[in-house]
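Survey of secondary and tertiary structure
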Amino acid sequence: MIYLKSEEEIELLRENNLLVSATLAEVGRHIAPGVTTKELDRIAEEFIRSHGAVPAFLGYNGYPASLCVSVNEQVVHGIPSDYALREGDVVSVDCGTFMKGFVGDSAYTFAVGEITPEVQRLLDTTKEALYKGTEQARPGNRVGDISAAVQYCAETAGYSVVRELVGHGLGRKMHEDPEVPNYGARGRGPLLKAGMVICIEPMINMGVKQVVFERDGWTVRTRDRKPSAHYEFAVAITKNGPDVLTDFSVIEQALKK
Ligand code: MF3
Ligand code: CO
């Protein structure tokens with residue numbers, strides 16, 4: 001069941017996703033060698049609550065934290081811990097908020113200090129794949145048009161696409177229909193209509209596409225332990241095309257200072 005959102009509801013989703021953007025910017029300002037992933041979680045939770053929202057991930061299916069913090073070969077759903085970030089790590093930070101009846105959900109992969117050009121290219125390509133998919137998020141297209149655009153971008157760059165986890169509709173619940181895979185065929189899948197809001201979230205691996213689900217019940221890592229990148233934002237489909245509700249520019253501005 002796909003719920004179409006009114007303009008007012010889309011604005012509430014925008015408020016949430018802008019708060020997620022600001023939270024990711026605040027987390028990004030604190031990312032440095034020596035900082036533990038638990039400290040990042042505390043910063044995010046405090047920031048979210050001080051802005052009148054609650055962390056959407058905390059307690060979700062029993063999840064124990066406000067952020068998912070996934071380092072290097074961890075793809076997604078890394079649980080914040082006493083691990084201290086090291087120069088050269090890449091860290092996906094996934095964040096959710098709930099306020100005014102709606103959810104925000106976005107993720108950004110940060111570099112810790114200097115990273116190799118090879119890993120930087122993985123990050124750049126994953127973000128580009130997200131943008132290529134987003135261009136397809138318009139009425140009359142199908143979910144498969146988004147999926148195929150993401151997959152083409154990642155695979156022509158020599159990377160592989162994680163299959164086990166997918167993007168999703170976003171609304172009063174964090175995970176609504178439709179599923180938005182990062183692989184697929186053009187012209188297939190559910191028809192996109194104005195009023196749909198989806199999260200597009202490519203998870204792209206430098207090596208093989210296969211992943212392993214860790215015994216902690218949450219963490220997903222690459223089978224070959226090569227690095228993975230993950231970017232996610234929320235997009236409203238409007239009659240004028242995609243309207244991105246998350247603002248990566250506030251994150252990228254924060255990183256410049
Ligand atoms: N942000 C993730 C997603 O897009 C959800 C995190 S799962 C949680 O699906 F349990 F941590 F909330
Ligand atoms: Co999501």
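Right above here is the structure, for reference.
This is a predicted model, so every value here is computed, not measured. (Residues numbered from 1 in each chain as written. Chains lettered and ligands numbered in written order. Predicted model: local features only at pLDDT ≥ 70, side-chain atom pairs only at ≥ 80, totals over all residues. Heavy atoms only, no water.)

Helix α2 (residues 37-50) packs onto helix α1 (residues 7-30) with a crossing angle of 145 degrees between their chain directions and a minimal axis gap of 9 Å. The handedness of the crossing between α1 and α2 is right-handed. Here Leu-19, Ala-22, Thr-23, Glu-26, Val-27 and His-30 of α1 come into contact with α2, specifically with Leu-40, Ile-43, Ala-44, Phe-47 and Ile-48. Here the residues of the contact of α1 with α2 sort into 8 nonpolar, 2 polar and 1 charged. (Axes fitted to C-alpha atoms, helices over the stretch in contact; angles between N-to-C directions. Helix = DSSP H or I, 4+ residues; strand = E, 2+ residues; numbered from the N terminus. Left-handed = near helix turned anticlockwise from the far one by under 90°. Contact = heavy atoms within 4.5 Å. Nonpolar A, V, L, I, M, F, W, Y, C, P; charged D, E, K, R; others polar.)

Tallying each qualifying case throughout the model produces 7 aromatic pairs. Aromatic pair Tyr-131 and Phe-233: ring centres 5.7 Å apart, planes at 55 degrees, arrangement tilted. Within this pair, whereas Tyr-131 is found in helix α3 (residues 117-135), its partner Phe-233 is found in strand β14 (residues 233-238), the two being separated by 102 residues in sequence. Classification of Tyr-131 as partly exposed rests on a relative accessible area of 37%. The buried category is assigned to Phe-233, whose relative accessible area is 2%. Three or more aromatic residues joined by ring pairs form one cluster here, namely Tyr-108, Phe-110, Tyr-131, Tyr-231, Phe-233 and Phe-248. Directly above the ring of Tyr-183 sits Arg-163, whose terminal nitrogen or CZ lies 4.7 Å from the centroid. (Phe/Tyr/Trp six-rings, centres within 6.5 Å; stacked < 30°, edge-to-face > 60°. Buried < 20%, exposed > 50% of the residue type's maximum accessible area, 1.4 Å probe, protein only. Lys NZ or Arg CZ within 6 Å of the ring centre and 35° of its normal.)

Binding of the cobalt ion (ligand 2) to the protein goes through Asp-105 (OD), His-168 (NE2), Glu-201 (OE) and Glu-232 (OE), at separations of 2.0 to 2.3 Å. Read N to C, the donor residues that coordinate the cobalt ion (ligand 2) are spaced as D-x62-H-x32-E-x30-E. Placement of the pair is Asp-105 in strand β5 (residues 102-111) and His-168 in strand β7 (residues 167-169), with a sequence separation of 63 residues. Each of the two residues, Asp-105 as well as His-168, counts as buried. (Donors = N, O, S within 2.8 Å, 3.2 Å for Na, K, Ca; no water.)

Let us now look at the sheet that holds strand β3 (residues 74-76). Spatially, β3-β12-β11 is the arrangement adopted by the 3 strands of the open sheet, whose pairing is antiparallel. Pairing within the sheet leaves two strands with one partner each, and these edge strands are β3 and β11 (211-213). Neighbour-to-neighbour, the strand axes of the sheet open up by a mean angle of 40 degrees, direction not taken into account. As paired elements, β3 and strand β12 (residues 220-222) share 2 bridges and run antiparallel to each other. Counted as the bridge partner of Gln-74 is Arg-221 from β12. (Pairing = 2+ DSSP bridges.)

Bringing the packing of α1 against helix α5 (residues 248-256) into the picture now. It is the contact of α1 with α5, at a shortest axis distance of 8 Å, that shows an interaxial angle of 20 degrees. By the angle class used here, α1 and α5 are roughly parallel. The crossing of α1 and α5 is right-handed. Every residue of α5 that contacts α1 at Ser-21, Ala-22, Leu-24, Ala-25, Gly-28 and Arg-29 is listed here: Val-250, Ile-251, Ala-254 and Leu-255. By residue class, the composition of the contact of α1 with α5 is 7 nonpolar, 2 polar and 1 charged. (Parallel < 35°, antiparallel > 145°, perpendicular 65-115°, else oblique.)

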